[in-house]
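Breakdown of the fold
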Amino acid sequence: MTAPDATSPAGSDAAPTSWRDSLAVYLQPRVLIVLFLGFSSGLPLALSGSTLLVWMREAGVDLKTIGLFALVGTPYTLKFLWAPLVDALHVPLFTRAFGRRRGWLLFSQLLLIVAILLLAMTDPARSPFYVALGALLVAATSSTQDIVVDAFRVESLPESEQAAGMAAYVAAYRIGMLVSTAGALFIVSGFESTGITRTSAWMWGYVVMAAMVLIGTITALAATEPEQSERAEAATHEETAFTRVLHAAIGAFSEFLSRKDAIAALAFVVLFKFTDAFSGTMTAPFVIDLGFTRNDYAAIVKGVGLAATLIGGFAGGFVARRYSLATSLWIGGVAQALANLTFSWLAVVGTNQWALALAICAENFTSAVGTVIFVAYLSALCQNPLHTATQYALLTALAAVGRTYLSSGAGFVADSTGWALFFVICVLVAIPSLVLLTWLQKRGHFEALGPVRV
């Protein structure tokens, strides 16, 4: 295994970026647009997930029914199936008035507002079926917004701003999730304290959440259509809708598979975050096993853990701007793997809140660094504006394989080895991705992506 190459061909001729330049890029109008769109993307996730489950439990819905509601998140994992429609089809009136990407963005946000309002009008105690239908609509419209925002971000930001844009997006996404979880619960409690019924308090809480989607709508109105999207639209305006969808679907796959070492690159996409996923699956059970309470864990994860994630996201943006793409991936990959050793140390230390805070901070910080750099890499792979949305949705679906399927055996490993050794193994599972990184680097994969100095 070779050491990281600080002079990788991708961007080797550029001078190192100063801290002042790295901070100034976050004030660029395009990056600020992406930041607010990140908030809009993060906001709906909990409204069909954890926040909704709290509402249902308070309404007296049984645990078996609540458990089945995990299925309403299916659109987030299958969104690549309709991403070609977003790439190829025009939305009547919206596309003509606002452009290809902004039209879809505004259309999906208006649908999202309607879906949240419909969910707000349901009653979990009386009609769980309609609650499920409303939650499914929220998830479907939210995932469609994600498709458009990802494509908009990739196409609107120049290479020098991609990593900064992703860091801003990740930070705002986390804040949006915090608003729709803890924030939504506080809002519901506030309404309930005025004397209205609990059902009405939940309804108005969701109405407030629907209104907050307007932050993304105003952002979309203030944004400008990406030049890449305009060129793609001009190139395909004479084609029929069916032809555009067909070209988007087939072209997204065939173009990627025709690249040199495409299979190795796809395997790298699956495995890069595997070390995070393998350990993350067992982090909560590990903390509880050590003797910490649920409140201890929640307070640290939502408090210092969130702060570490936000700081790590911006640190990842700085690393990705200062170094070449290959070197940045080495830094992120090694850091997120070694952070697992802090949990091995915690297993030896035992129940100590300061030690838990340190371990959670190390894991969240390095994970955020790796995520920003990794998504910058995914963005670099999506270079054709004719099907950016389709390719990016497909790559993120592949990246979820490690989290969803490969990490499913983590419990068996932890049960067999004990906690201290388990987290050492979590470090070792990162080796295949680093071997692939070495292979791709030697084969000129990053040079083939062009002058990518994110």
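This one's a predicted model, so the numbers in the text were calculated from it and none came from an experiment. (Residues numbered from 1 in each chain as written. Predicted model: local features only at pLDDT ≥ 70, side-chain atom pairs only at ≥ 80, totals over all residues. Heavy atoms only, no water.)

Section: the packing of helix α19 (residues 341–349) against helix α23 (residues 419–428)
Packing of α19 against α23 leaves a shortest axis separation of 8 Å and a crossing angle of 175°. What the angle tells us is that α19 and α23 run roughly antiparallel. On α23, the residues touching Leu 341, Phe 343, Ser 344 and Ala 347 of α19 are Trp 419, Ala 420, Phe 423, Val 424 and Val 427. (Axes fitted to C-alpha atoms, helices over the stretch in contact; angles between N-to-C directions. Helix = DSSP H or I, 4+ residues; strand = E, 2+ residues; numbered from the N terminus. Parallel < 35°, antiparallel > 145°, perpendicular 65-115°, else oblique. Contact = heavy atoms within 4.5 Å.)

A few points about the confidence of the model for the protein chain
Averaged over the protein chain, the pLDDT score is 82; the fraction of residues at 70 or greater is 83%. Of all secondary-structure elements in the protein chain, the lowest mean pLDDT belongs to helix α1 (residues 19–24), at 63, while helix α12 (residues 214–222) reaches the highest, 95. Across residues 1–16 the pLDDT falls below 50, and counting only partners more than four positions away or on other chains, this stretch makes 27 contacts in the model. (pLDDT = per-residue confidence, 0-100.)

Remarks on the packing of aromatic side chains
Counted according to the given criterion, the structure contains 21 aromatic pairs. A network of ring pairs unites the aromatic residues Phe 274, Phe 278, Phe 286, Phe 343, Trp 419, Phe 422 and Phe 423 as a single cluster. (Phe/Tyr/Trp six-rings, centres within 6.5 Å; stacked < 30°, edge-to-face > 60°.)

Re the layout of surface pockets
The computed volume of the second largest pocket comes to approximately 290 Å³. Lining the second largest pocket are 16 residues, and of these Arg 30, Ser 156, Thr 224, Glu 225 and Pro 226 sit closest to its centre. Mapped by element, the contributors of at least two residues to the lining of the second largest pocket are α2 (29–42), α9 (128–156) and α13 (227–236). Residues that form the lining of the second largest pocket fall into these classes: eight nonpolar, three polar and five charged. (1 Å grid on protein atoms, 1.4 Å probe; cavity = no way out; pocket = protein on both sides within 12 Å on 5 of 7 lines; lining within 4 Å. Points joined across faces, edges and corners; volume = space filled by probe spheres on them. Nonpolar A, V, L, I, M, F, W, Y, C, P; charged D, E, K, R; others polar.)

Notes on unusual backbone geometry
The residue Leu 93 is not glycine, and still its phi comes out positive at about 70°. For Leu 93, the location among the structural elements is in the loop between α6 (83–88) and α7 (94–98). Even without a glycine there, the phi angle at Asp 261 is positive, about 60°. Relative to the assigned elements, Asp 261 resides in the loop between α14 (241–257) and α15 (262–271). Exposure remark for Asp 261: the relative accessible area of 16% places this residue in the buried category. (Buried < 20%, exposed > 50% of the residue type's maximum accessible area, 1.4 Å probe, protein only.)

Focus: the environment of Gln 441
By the secondary structure assignment, Gln 441 is in helix α24 (residues 431–442). Separated by 115 residues in sequence, Gln 441 and Ala 326 place their C-alpha atoms 6.9 Å apart.

Focus on the pattern of salt bridges
By the definition in use, this model includes seven salt bridges. Among the salt bridges present, the one from Arg 153 reaches Asp 150, with a minimum N-O distance of 4.0 Å. Residue Arg 153 and its partner Asp 150 are located together in helix α9, separated by three residues, close to a single helical turn. There is no split in this pair, since Arg 153 and Asp 150 are both buried. Here Arg 443 makes a salt bridge to Asp 261, at a shortest N to O gap of 3.1 Å. Here the residue Arg 443 occupies a position in the loop between α24 and α25 (445–448), and Asp 261 occupies one in the loop between α14 and α15, the gap between them amounting to 182 residues. (Salt bridge = Lys/Arg side-chain N within 4 Å of Asp/Glu carboxyl O.)

Some details on a nonpolar patch on the surface
Taken together, the side chains of Val 334, Leu 338, Leu 341, Leu 421, Val 424, Leu 428, Ile 431 and Val 435 define a hydrophobic patch exposed on the protein surface, amounting to about 620 Å² of accessible area. Contributing elements (two or more residues each) for the nonpolar patch: α18 (325–338), α23 and α24. The biggest single contributor to the nonpolar patch is α23, with three residues. Here Leu 341 shows up in helix α19. On the basis of relative accessibility, which here comes to 38%, the residue Leu 341 falls in the partly exposed class. (Patch = residues over 30% accessible without salt bridge, like charges linked within 9 Å, V, L, I, M, F, W, Y side chains within 5 Å. Areas by Shrake-Rupley, 256 points an atom, 1.4 Å probe, with all protein chains shown as cover.)

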